[in-house]
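Here is what each chain is made of, one letter per residue.
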Amino acid sequence: MAELIIDTKKCIGCGLCIKSCAYNALSLANKKAVVDDDCVFCGSCIKSCPVEAIWIEREIVEIKDLTNYKDIWVLIEEDRDEILPVSYELLTKGRELAAEKKCDVNALILGNNIQKKFENIFEFGANKIYYFEGSEFNEKLDEVFIEYLDYVCKVYNPEIFLFGATGFGRSIAPKLAARLNTGLTADCTILSIDDNGLLKQTRPAFGGNLMATIICPNHRPQMATVRSGVMKAYKVIDKNRRKELINIEAIKLQNKKTELIERIIEEKTKSISDAEIIVSVGKGIGSQKNIEIVQKFADLLGAEIGVSRPLVDIGWAGYEKQIGQTGSVIAPKLLIALGISGAIQHLAGISGAQTIIAINTDPEASIFSVADYKVVGDCIEILKGVINKLTV
Amino acid sequence: MKIVVCVKQVPSSNEVKLDPKTNTIIREADKSVINPYDKFAIEEALKIKDNLKGEVIALSMGIPATEKILRDAMSRGCDRSVLLSDKKFAGADTLATAYTLSLGIKKIKNVSLIICGKMAIDGDTAQIGPELAETLKIPHITDVSEIIKISENEITCRKINDNGYSIIKMVLPAVITVVKDINLPRLPTIPGVLKSIHASFEIINAHNATANINRIGSTGSPTQVIDTFIPERKNVAIEIEGDIDKKIDFIGDIIKEIMYNGRIDN
Amino acid sequence: MQNRLINKMNENFAEYLRDESRVCGNADSISFPKDEESIINIVKDAYNKNILLTIQGARTGLAAGAVPNGGHIINLSKMDKIISMKNVDEEYYLTVQPGLILSNLIEEVENKKICIENFSKESKKAYVKFLADKNKYFFAPDPTEKTATLGGMVACNASGAKSYLYGSTRNHVTGLKIVFIDGDKLSIQRGVYKARGRRLSFFTSENKKIELKLPKYEMPTTKNASGYFIEDNMDLIDLFIGSDGTLGIITEIEIKLKKRPNIIWGVNCFFEKEDIVIEFVQEVKKQMNCIAAIEFFDKNALEILRKQRENSSGFSKLPSVRKEMEASIYLEIHADDEEKAIEALKNIGEIMKELGNSDENTWVGRTDEDKNKLLLFRHAVPESVNMLIDSRRKDNSKITKLGTDMAVKSKDFRYIFNLYKKDLMKYNLEYAIWGHIGDNHLHVNILPRDINDFEIGKILYKNWADKVSEIGGAVSAEHGIGKIKTEFLKIMYGEEHINEMVKLKKYFDSKELLSIGNMFKIEKGSKY
């Protein structure tokens, strides 16, 4: 068991550690910091303490012999007979990690009609492809995949296993992690190898407001999921590379507990998530009447309107227009933010925008911290001027 | 039918700022609330109870103060609640949490359905549901947007996929995780609030849960957080200064430029 | 007018010709002054050239008080700062500019995040004390429209749901700064200038002595926002509060903050029978002293909301109200601790049960999220009605919502409520009723389907104003008289007292330039 130690002799009761704790686990008692059970031992407070009064004592764990575990594995995911881009992105990343670890990148593909895809999988960096061909995977049911994954992990001892953070990946990966009693880090945005050869996994938490770096030192495989588009994919021309195909054994599945009745493909309806130009409005537009002016402006640009959460809360706009962590995540070419202060939940939803023009009366508004162009002023007055200019 | 809803206490806001002077993190939240996703889980359980009768039990792991949100869950219609609370549970990652919750469910006995919110807004992992199911060796469905049919031993759900949805039938007992807006959570009633003050609230510690000490808390957690930091934002914005007309001109030009370039790209 | 602050009216300023009453006026120019000096310059200029002036805040008013009648508009929305803070006898006072938006004030005060950039040393000292104070504070007046400005609220003596416990804006204003039409000024602190009987005298900044003979009428004892506040030995400040911008321009307002109760919970109680509601409210008023607001929604209001909920995604987040429910009462509990609040809940439940209703038909809001849902519900009702009327106006632009704003004495409430219903049924009008039943103050909203309904509605409205006046009620209890209810004020006080009011106005505005048409119609050149 790990323990967060606070040296009460050293502690000066300054409270910096309390402020630094993202988990609300610290408080002051008798002018000294104390820790409660919400602590996850992330170490933020250690860094914050001006007098070095805090440290973590971790129980010395018996070092297991983990040398049997090797290679980086990637689960290849398909949709409608096409390999998903995220799988290629993982192969590319895997290759980079493998170069550092001097090991192989192995792809696991379970599906129907997969032979024609091998070439591509190799091109994106796999050394070996483990595959099983069969129609039982078409339904994409967890309980079919889990048995194969479990088998592969137990027979081949992967050191690292990467999954796409797709709806499917986010369901099967934790199930597998629990089956193998190992660690899993979801939605990693940075993967690297540390000095001890461990996978360093960095992921956003608190709606993207905080990044956490996580390791899995004593359990194998080290598992991670990565969202689509976060990593880059590119092919390698490497003719000398050893390429191997391994057909894995069929596994008998007994008494299935889930059954797919129907699977419906729906093309996404046009929403602000897909819009190229977005005009977003916040409370700073002053009054509900001003939305008309914004609409006029948006029509002129062929833009969609998005709003910050307070506007939805007060009923000026519907939820479908809300941008941010609890609304839509957007990635337009141009975002014009009007009277938006930029609560971090909101900023989490707009980080994909290519160009952001922000107009706000408050020069300190946090929206400016992510904007490309900062305009301090009354957004409605300026907007009227811009409308005039663009219509001329 | 016995239904367990897993709930988590989270900070009321997940805003985190960096103190520029001390370079440390400042939390904006001053209150603890029930994880917003879990409200939909509670409502879904109550809806099933409305139709099939039975018992809805709110289950959480956390510090003793979590009692408050469990009482809140009971004010909405949960019949009782169980809190797994022990210093030894502290520092648990998702796997250790799932194991600990599974002990609670075994204690409750004969549970047919476990409902979790899709994810918690502080951790954002969405792992507890599947890990809990696997720990209990039962099936699960994530991202459920509708329960189409449910009986004592079978459930049919609509599950949201990345590009549509699936209708899946599953044998009970099982775990589902529900998406936001699967329902409209009801508000507590006066009798609900009054009942919740004295409703059964049970605290289970590690010993009573017969926990394997190697599978709980930080000891039972394969993963370790070794660092947390505030993500870097983009570089400083270009400030457009001058009088209003200058600002208007500048903005107009940028818009024209971007839109024009956009057309060429396409 | 030649002044760099003055803008000629053009299409871009079109919205400033209107307010929430949806009445549209006309004007030649508009200014957005940022300080008192600019205002003085503008009014002096207007005074010399005999230009009519209309004063505006956020234009959220429902009585057209901010709708111009020609001339120049002074829009105060750019004067929106909190200027100073003081701490006297453990009470906190803020001085604010008239354009400050209520929601911003609420946010800054309740979160203790006041922008102190322009604060003096003294103010900063008070603010430090405020921050260290373990109590939370709030500004009690709470009109439903939170984007109103403080200046507008003072001008019409706004009130809201919580006025049941805390009274209207008047009760929370302790100081005013006024600029008169000739550029002279006046600073008033409550308690400094008191009338002797109906005679009131005071000195302006330029040391001009003004002696007023106040009108002789007696105000109703109900909640009231009709006409000037006049009573024996009154405070001068009260004359300006609720004067609809007819006497001078408010440039600074000092407000007193109240300690915020530790527990604020909301309860929506639903009833299957509407007629039980009056009895329920009477019992709540009799038995409970921790209730800050008592609000009523009738069957039709609930039905309109039900329909709008299906059409508007904004309201679709609201839990649905069961079809059998004919009326709803919202109660807000303000208590020092949770135990007392629980007792209050119990009490409410018991009253419901005693009257043969199930206490299961309640929504209790204790968490911020739930309270927001209850708030959305209360906002959604008037909003839904406005949406309905807006869609009807597309077919017939002459139709508007006819919304009453009258309050009566407790003993007369059942009588007037029955009268409303009887008349509405008799003429088969579509309507929805909601409002502040705790203050015996309801908004009867007639929703005309055609011009015929509209005309009948207007007649009914006038008849009710007659009846309400007869029994000593107020024809406008919170929206103010503005330009659209001047007829009712005449009914309420009679020609003679209206003339007294006009005379009073002329003490301050001899040329008849300021907010003409508010409260009473002035024929140009009339002689009183």
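Residues numbered from 1 in each chain as written. Chains lettered and ligands numbered in written order. Predicted model: local features only at pLDDT ≥ 70, side-chain atom pairs only at ≥ 80, totals over all residues. Heavy atoms only, no water.

## Notes on the overall build of chain B
If you tally the helices and strands in chain B, you get six helices and 15 strands. Burial status across chain B gives 62% buried among its 266 residues. Pairs at least 24 apart in sequence give 70% of the contacts found in chain B among residues at least 6 apart. With the model as given, the accessible surface of chain B reaches about 11,000 Å², and the carbon-plus-sulfur share is 51%. (Helix = DSSP H or I, 4+ residues; strand = E, 2+ residues; numbered from the N terminus. Buried < 20%, exposed > 50% of the residue type's maximum accessible area, 1.4 Å probe, protein only. Contact = heavy atoms within 4.5 Å. Areas by Shrake-Rupley, 256 points an atom, 1.4 Å probe, with all protein chains shown as cover.)

## Quick word on the pattern of salt bridges
All names here are of chain C. In the structure shown here, the tally under the stated rule is 73 salt bridges over all chains. For K162, the salt bridge is made with E332, and the minimal N-O distance between the two is 3.4 Å. Here the residue K162 occupies a position in the loop between helix 4 (150-155) and helix 5 (163-166), and E332 occupies one in strand 16 (residues 327-335), the gap between them amounting to 170 residues. Overall, K162 belongs to the buried group, its relative accessible area being 17%. (Salt bridge = Lys/Arg side-chain N within 4 Å of Asp/Glu carboxyl O.)

## What about the interface of chain A and chain B?
Counting residues at the interface gives 106 residues for chain A, matched by 86 residues for chain B. Between the two partners, chain A and chain B, sit seven salt bridges. For K374 of chain A, the salt bridge goes to E239 of chain B, with nearest N and O atoms at 3.7 Å. Put simply, chain A and chain B have 30 residue pairs in polar contact (both at pLDDT 80 or more) between them. The element best represented in the side of chain A that touches chain B is strand 17 (residues 258-265) of chain A, accounting for eight residues. Across the side of chain A that touches chain B, the residue classes tally to 53 nonpolar, 25 polar and 28 charged. As judged from the three bridges shared by strand 22 (residues 373-376) of chain A and strand 15 (residues 238-240) of chain B, these two strands associate in the parallel manner. Across the sheet, the residue bridging to Y373 of chain A is I238 of chain B, located in strand 15 of chain B. (Polar contact = N/O pair within 3.5 Å; in protein donor to acceptor, adjacent residues only side chain to side chain. Nonpolar A, V, L, I, M, F, W, Y, C, P; charged D, E, K, R; others polar. Pairing = 2+ DSSP bridges.)

## Here we look at the sheet that holds strand 22 of chain A
In spatial order, the strands read 19(A)-18(A)-20(A)-21(A)-22(A)-15(B); together these six strands make up an open sheet with parallel pairing. In this open sheet, the two strands that pair with only one neighbour each are strand 19 (304-307) of chain A together with strand 15 of chain B. On average, adjacent strands in this sheet sit at an angle of 20° to one another, irrespective of strand direction. Alignment of strand 18 (residues 277-281) of chain A against strand 20 (residues 334-338) of chain A, held across five bridges, turns out to be parallel. Following the sheet pairing, I277 of chain A is matched in strand 20 of chain A by L334 of chain A. (Axes fitted to C-alpha atoms, helices over the stretch in contact; angles between N-to-C directions.)

## Notes on the confidence of the model for chain B
Mean pLDDT over chain B works out to 89, with 89% of the residues at or above the 70 mark. Across residues 262-266 of chain B, confidence stays below pLDDT 50; counting only partners more than four residues off in sequence or on other chains, it has three contacts. (pLDDT = per-residue confidence, 0-100.)

## Side note on the sheet that holds strand 3 (residues 53-56) of chain C
Residues and elements named next belong to chain C. Taken together, four strands build an open sheet; the order of strands is 1-2-4-3 and the sheet is mixed. Looking at strand neighbours, the two that pair on one side only are strand 1 (6-8) and strand 3, the edges of this open sheet. Taking each pair of neighbouring strands and ignoring which way they run, the sheet shows an average axis angle of 25°. Pairing analysis gives three bridges linking strand 1 to strand 2 (residues 29-31), with the strands arranged antiparallel. Paired with N7 across the two strands is I30, which belongs to strand 2. With respect to the sheet, helix 1 (residues 36-49) is in contact with strand 1, strand 2, strand 3 and strand 4 (72-75), its orientation differing from that of strand 4 by roughly 165°.

## Comments concerning the packing of aromatic side chains
Per the counting criterion, the structure on display carries 38 aromatic pairs over all chains. What links up through ring pairs into an aromatic cluster is the set W73, Y130, Y156, F161 and F163 of chain A. R378 of chain C extends its terminal NZ or CZ atom over the ring of Y330 of chain C, reaching a point 3.7 Å from the ring centre. The ring centre of Y47 of chain C lies 4.4 Å from the NZ or CZ of K511 of chain C, which sits over that ring. (Phe/Tyr/Trp six-rings, centres within 6.5 Å; stacked < 30°, edge-to-face > 60°. Lys NZ or Arg CZ within 6 Å of the ring centre and 35° of its normal.)

## Quick word on the interface of chain C and chain A
Taken residue by residue, the interface counts 15 residues in chain C and 16 residues in chain A. Surface buried jointly by chain C and chain A totals about 1,100 Å² across both partners, of which 37% is contributed by carbon and sulfur atoms. The interface formed by chain C and chain A holds four salt bridges in total. Among the ionic pairs, E15 of chain C bridges to K384 of chain A, the shortest N-O distance being 3.2 Å. Scanning the region where chain C abuts chain A turns up four residue pairs in polar contact (both at pLDDT 80 or more). The residue inventory of the side of chain C that touches chain A, partitioned by class, reads three nonpolar, four polar and eight charged. (Buried area = accessible area lost by both parts, 1.4 Å probe.)

## A short note on helix 5 (residues 190-198) of chain B
Of the residues making up helix 5 of chain B, those classed as buried are I190, P191, G192, V193 and S196 of chain B. Among the structural elements, helix 2 (67-75) of chain B together with strand 14 (263-271), helix 9 (338-354) and strand 17 (362-365) of chain C are those in contact with the buried residues of helix 5 of chain B. One side-chain oxygen at the N-terminal end of helix 5 of chain B lies 3.0 Å from the backbone nitrogen of G192 of chain B; it belongs to T189 of chain B.

## Section: helix 2 of chain B
Residues and elements named next belong to chain B. Counting buried positions along helix 2 yields seven of nine residues, so the element is predominantly enclosed. Turning to helix 2, its buried residues are I69, L70, R71, D72, A73, M74 and S75. Immediately downstream of helix 2, the backbone of G77 shows phi near 135°, a positive value.

## Observations regarding the nonpolar core
Ranked by internal contacts, the top residues of the largest apolar core, which has 122 residues, are L105, L239, F240, F280 and I333 of chain C. Ranked by residues supplied to this core, first place goes to helix 13 (residues 486-508) of chain C with nine residues. When we break this core down by domain, the ones giving at least three residues each are domain 2 (85-259) and domain 3 (263-470) of chain C. Every residue in contact with I333 of chain C, bar those within four places of it in the chain, is listed here: I263, I264, W265, V267, C290, I291, A341, A344, L345 and I348 of chain C. Grouped together as the second largest cluster of nonpolar side chains are 64 residues, I34, I48, A58 and V144 of chain B included. (Core = buried A, V, L, I, M, F, W, Y, C linked by side-chain atoms within 4.5 Å. Domains from an automatic or database assignment.)

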